[in-house]
Amino acid sequence: MDTLLSIAEFLLDKVCASANMFPVGIRQIVTHIQKETATVFPEMKDVVLGVFIFLRFICPALVSPVSYGMIEEGVLSKEHQRALILISKLLQVT
């Protein structure tokens, strides 16, 4: 379990550090969501953004990296696929 947590933390750090590399359209959507959320729930604006990005982009790409063109078909073993699913679940819980 410690290894899984370490991998998840590493992944989260990489995602946060690459925010400036997100496409302009996604950054505009995120800015709009943040503004709208802040008007109704100011204390939740960061949480909503995190949920949006992780549930719509990061977690699906983790669970199915072949579908998102991140790796080629047949590269992942069943064990690696299972680890990615667990990391995705772990990120959704934290």
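Residues numbered from 1 in each chain as written. Predicted model: local features only at pLDDT ≥ 70, side-chain atom pairs only at ≥ 80, totals over all residues. Heavy atoms only, no water.

### What to know about the overall build of the chain
Our working definition: Helix and strand assignments come from DSSP, with helices taken as H or I runs of at least 4 residues and strands as E runs of at least 2, each series counted from the N terminus. Note on contacts: a residue pair is in contact if any heavy atoms of the two residues lie within 4.5 Å. To be clear on the numbers: accessible area is Shrake-Rupley with a 1.4 Å probe, and residue cover counts the displayed protein chains and nothing else. Lys and Arg are tallied as positive, Asp and Glu as negative. Neither His nor the chain termini are counted. Charged groups are reduced to one reference atom each: NZ for lysine, CZ for arginine, CG for aspartic acid, CD for glutamic acid.
Within the chain, the secondary structure is distributed over four helices and zero strands. In terms of overall dimensions, the chain has C-alpha extents of about 45 × 30 × 20 Å along its principal axes. Within the chain, contacts between residues at least 6 apart in sequence are counted, and of these 46% link residues at least 24 apart. Total accessible area computed for the chain in this model is approximately 6,900 Å², and 64% of it derives from carbon and sulfur atoms. Mean positive and mean negative side-chain charge positions of the chain (8 and 9 charges, respectively) differ by 5 Å.

### Thoughts on the nonpolar core
The cut-off we apply is this: Buried residues of nine kinds, namely Ala, Val, Leu, Ile, Met, Phe, Trp, Tyr and Cys, make up a nonpolar core once their side-chain atoms join them within 4.5 Å. Using a 1.4 Å probe on the protein chains alone, a residue whose accessible area is under 20% of its type maximum counts as buried, one over 50% counts as exposed, and one in between counts as partly exposed.
Grouped together as the largest cluster of nonpolar side chains are 17 residues, with contacts concentrated most on Phe54, Ile58, Leu62, Ile87 and Leu91. Element by element, the count of residues in this core is highest for helix 3 (residues 45-63), at six residues.

### Considerations on the confidence of the model for the chain
Selection rule: A score from 0 to 100, pLDDT tells how confident the predictor is in each residue.
Taken as a whole, the chain shows an average pLDDT of 84; of its residues, 98% reach a score of 70 or greater. When the elements of the chain are averaged for pLDDT, helix 1 (residues 2-17) gives the smallest value, 77, and helix 2 (residues 24-40) the largest, 90.

### Quick word on the packing of helix 3 against helix 4 (residues 78-93)
Helix packing for two helices is described by the angle between their axes and how far apart those axes are. Rules: For every element, the axis is a line fit to its C-alpha atoms; helices are fit only across the contacting stretch, and the angle between N-to-C directions ranges from 0 to 180 degrees. Comment on the angle field: the value is read as roughly parallel under 35 degrees, roughly antiparallel over 145, roughly perpendicular from 65 to 115, and oblique elsewhere. Handedness of each helix crossing follows the sense of rotation of the near helix against the far helix: counterclockwise by less than a right angle gives left-handed, clockwise gives right-handed. Charged residues are taken to be Asp, Glu, Lys and Arg, nonpolar residues to be Ala, Val, Leu, Ile, Met, Phe, Trp, Tyr, Cys and Pro, and polar residues to be all remaining types, Gly included.
Running from N to C, helix 3 and helix 4 cross one another at 160°; their axes reach a closest spacing of 8 Å. For the element pair helix 3 / helix 4, the angle class is roughly antiparallel. Classified by chirality, the crossing of helix 4 by helix 3 is right-handed. From helix 3, Phe54, Leu55, Cys59, Leu62 and Val63 reach across to helix 4, where they touch Gln81, Leu84, Ile85, Ile87, Ser88, Leu91 and Gln92. In terms of residue class, the contact of helix 3 with helix 4 is made up of nine nonpolar, three polar and no charged.

### Quick look at the environment of Arg27
Mapped onto the secondary structure, Arg27 falls in helix 2. Sequence separation between Arg27 and Thr39 is twelve residues; the distance between their C-alpha atoms is 19 Å. Among all residues touching Arg27, those that are not within four sequence positions of it are Ala19, Asn20 and Phe22.

### As for the side chain of Ser88
Tracing the backbone shows Ser88 in helix 4. Those residues in contact with Ser88, other than ones at most four positions away along the chain, are Cys59, Leu62 and Val63.

### Re the environment of Ile7
By the secondary structure assignment, Ile7 is in helix 1. Among the residues examined, Ile7 registers a relative accessible area of 41% and is labelled partly exposed. Expressed as a C-alpha distance, the spacing of Ile7 and Val51, which sit 44 residues apart in the sequence, is 19 Å.

### Focus on the packing of helix 2 against helix 3
The geometry of helix 2 relative to helix 3 is characterised by a closest axis approach of 9 Å and an angle of 145° between their N-to-C directions. Note on packing geometry: the crossing formed by helix 2 with helix 3 is right-handed. Contacts between helix 2 and helix 3 involve Ile26, Ile29, Val30, Ile33, Gln34, Thr37 and Ala38 on the former and, on the latter, Lys45, Asp46, Val48, Leu49, Phe52, Ile53 and Phe57. For the contact of helix 2 with helix 3, the per-class residue count stands at ten nonpolar, two polar and two charged.

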